[in-house]
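Each chain, letter by letter, is given below.
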Amino acid sequence: MEEDESPSPPPEPSPTKSGTQPTDQPAGGAGETVQQAGWNVMEIDFQTLIEGESDPVLQDMHTYFSQRPATEKNEYTGLFQGKNLIWIVAEGFTTYAMTEETTPTLWKLAHSGFVFENYYNPLWGVSTSDGEYTILTSLIPKSGVWSMSESAQNYLPFTMGNQLCSLGYVTRAFHDHDYTYYNRDQSHPNLGYYFKGVGNGLELYSDAWPESDVEMMESTLTDDRLQSPFHTYYLTVSGHMNYSFQENSMSAKHEHEVGHEDMSEEARAYLACNMEL
């Protein structure tokens, strides 16, 4: 029998007092490179952070994170290194709006590659903005405030935009509605994006509500292809309520394509407006 040469996991560190450096997790001194073959270990000098922090809460946090065991690299590590990334966050979208006939491209995306089924985004207090906050930061929004807007003052190095920007990617974000809405002109640059919305550089050729996701894509994809690698983030709006053929221009645009559906007008209008994505 051949000996298993795979790396052993790092030992689970025992709890330490606040302000002390765990001994079982490599930390390295200032300027040192911490490396551990086969494991995802960041170059963070927790000892210096702990010793230089006067806030006991932050001291405890530094200690806690210094004790977390590393995760093991696997066959997916680096699989998409250097690839371009287009990230779409769809307003008001659910899989009910997706069929092979009406939304063939979305259907193909959802039935190939990696599909993460155990993900849920509830209706938060600030609706679209809180949902976007959880997706972009992996954090839970705080009740009573605009968490996405407030995050403009926070250090957020682990967002996709900031991570890929540090790797030399051209990182852009687009939203086909007013660029100042929910103060995205402040929050999204802090996420690592060069941000454009309606009113600060994103040009759409029709004046409609909700605006057209197709027009946003068509007016921006060409720019992305000029530089590589790139990461582009889209926050759509065509699927926004109200779901009515009289009040929603995207629903009206695609009304003839859902006229045969045996369902309420509101349900048909919902399907219709999401066909614009």
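Just so it is clear, the model here is predicted, and its values are computed rather than measured.

Next up on the list: the packing of aromatic side chains. This structure, assessed with the given rule, holds 9 aromatic pairs. Aromatic side chains Y76 and F114 sit 5.6 Å apart centroid to centroid with 80° between the ring planes, which places their arrangement in the edge-to-face category. Of the two residues, Y76 sits in the loop between strand 2 (71-72) and strand 3 (85-89) while F114 sits in the loop between helix 3 (104-110) and helix 4 (127-137), which places them 38 residues apart along the sequence. Under the relative-accessibility criterion, Y76 is labelled partly exposed at 46%. Under the relative-accessibility criterion, F114 is labelled partly exposed at 47%.

Take the environment of M216 next. For M216, the position within the fold is in helix 8 (residues 213-225). Classification of M216 by relative accessible area gives buried; the value is 0%. The sequence separation of M216 and Y205 amounts to 11 residues, and the corresponding C-alpha distance is 9.3 Å. Every residue in contact with M216, bar those within four places of it in the chain, is listed here: F174, H175, D176, L202, L204, Y234, L235 and T236.

The next subject is the side chain of S238. Considering the arrangement of structural elements, one finds S238 in the loop between strand 6 (230-235) and helix 9 (249-253). On the basis of relative accessible area, S238 is assigned to the buried category, the value being 0%. A polar contact is formed between the side chain of S238 and the backbone oxygen of E211, at a distance of 2.7 Å.

In this structure, the amide linkage connecting W209 to the following residue, P210, adopts the cis form with an omega of -10°. Even without being glycine, S127 reaches a positive phi, approximately 50°. Relative to the elements of secondary structure, S127 occurs in helix 4. Phi is positive for S138, close to 60°, though the residue is something other than glycine. Structurally, S138 can be placed in the loop between helix 4 and helix 5 (147-150).

What follows concerns helix 11 (residues 265-274). Counting buried positions over the 10 residues of helix 11 gives 7, a clear majority of the element. Every buried residue of helix 11 is accounted for by R268, A269, Y270, L271, A272, C273 and N274. Check the buried side of helix 11 and you find it contacts helix 9 and helix 10 (255-258).

Before going further, it helps to spend a moment on the sheet that holds strand 6. Strand order across the open sheet formed by 4 strands is 3-6-4-5, with parallel pairing between neighbours. Each edge of the open sheet carries a strand with a single partner, namely strand 3 and strand 5 (194-198). Averaged over all neighbouring strand pairs, the angle between strand axes comes to 15°, with direction disregarded.

If charged atoms from side chains of opposite charge come close, those side chains can pair. Using the criterion set out here, one finds 2 salt bridges in the structure. Across the salt bridge formed by R184 and E132, the nearest N and O atoms sit 2.9 Å from each other. Here E132 lies in helix 4 and R184 lies in helix 7 (residues 184-190), a separation of 52 residues in the sequence. Assigned by exposure class, R184 and E132 land together as buried. For E276, the salt bridge identified is with K253, shortest N-O distance 2.8 Å. In this pair, E276 is assigned in the segment after helix 11 and K253 in helix 9, connecting sequence segments 23 residues apart.

Per-residue confidence for the protein chain gives a mean pLDDT of 87, with 85% of residues at or over 70. Note that residues 1-36 has pLDDT below 50 and, in this model, 55 contacts with residues that lie over four places away or in other chains.

All right, on to helix 4 then. Burial analysis of helix 4 places 9 of its 11 residues in the buried class, the great majority of the element. For helix 4, every residue scored as buried is listed here: T128, S129, D130, G131, E132, Y133, T134, L136 and T137. For helix 4, the elements touching its buried residues are strand 3, helix 5, helix 7 and strand 6. Of the residues trailing helix 4, S138 is marked for its positive phi of about 60°.

Among the surface-exposed residues, V57, L58, M61, Y64 and F65 lie close enough to one another that they form a single nonpolar patch of about 470 Å² accessible area. For L58, the position within the fold is in helix 2 (residues 56-66). Relative accessible area serves as the criterion here: at 34%, L58 is assigned to the partly exposed category.

Rules of the game
- For every chain, the first residue of the written sequence is number 1, and numbering continues from 1 onward in sequence order.
- Predicted model: local features are reported for residues with pLDDT of at least 70 only, side-chain atom pairs are reported and counted for 80 or more only, and whole-chain, interface and lining totals are derived from all residues.
- Side-chain measures were taken over the full set of non-hydrogen atoms in the model, leaving aside hydrogen atoms and water.
- A pair of aromatic rings is counted whenever rings of Phe, Tyr or Trp (Trp by its six-membered ring) have centres within 6.5 Å, and the orientation is called stacked for planes under 30 degrees apart, edge-to-face for over 60 and tilted otherwise.
- Helix and strand definitions here come from DSSP, where helices need a minimum of 4 consecutive H or I residues and strands a minimum of 2 consecutive E residues; each element is numbered from the N-terminal end.
- Partly exposed residues are those whose accessible area sits between 20% and 50% of the maximum for their type, while under 20% is buried and over 50% is exposed, using a 1.4 Å probe and protein chains only.
- Throughout, a residue-residue contact means that at least one pair of heavy atoms, one from each residue, lies within 4.5 Å.
- Between N or O atoms, a polar contact is any pair within 3.5 Å; within protein, one atom must be a potential hydrogen donor and the other a potential acceptor, and residues adjacent in sequence are included only when both atoms are from side chains.
- We call two strands paired when DSSP finds no fewer than two bridges between them.
- In this analysis, axes come from line fits to C-alpha atoms, helices being fitted only over the stretch in contact, and the angle between any two N-to-C directions falls in the range 0 to 180 degrees.
- Within this document, salt bridges are pairs made up of a side-chain nitrogen of Lys or Arg and a carboxyl oxygen of Asp or Glu, the two lying within 4 Å of each other.
- Note: pLDDT gives the predictor's confidence per residue, expressed from 0 to 100.
- Distance thresholds for patches are 9 Å for like charges and 5 Å for nonpolar side chains (Val, Leu, Ile, Met, Phe, Trp, Tyr), applied to residues having over 30% relative accessible area and no salt bridge.
- Reported accessibility uses the Shrake-Rupley method at a 1.4 Å probe radius. Residues are deemed covered only where the shown protein chains occlude them.

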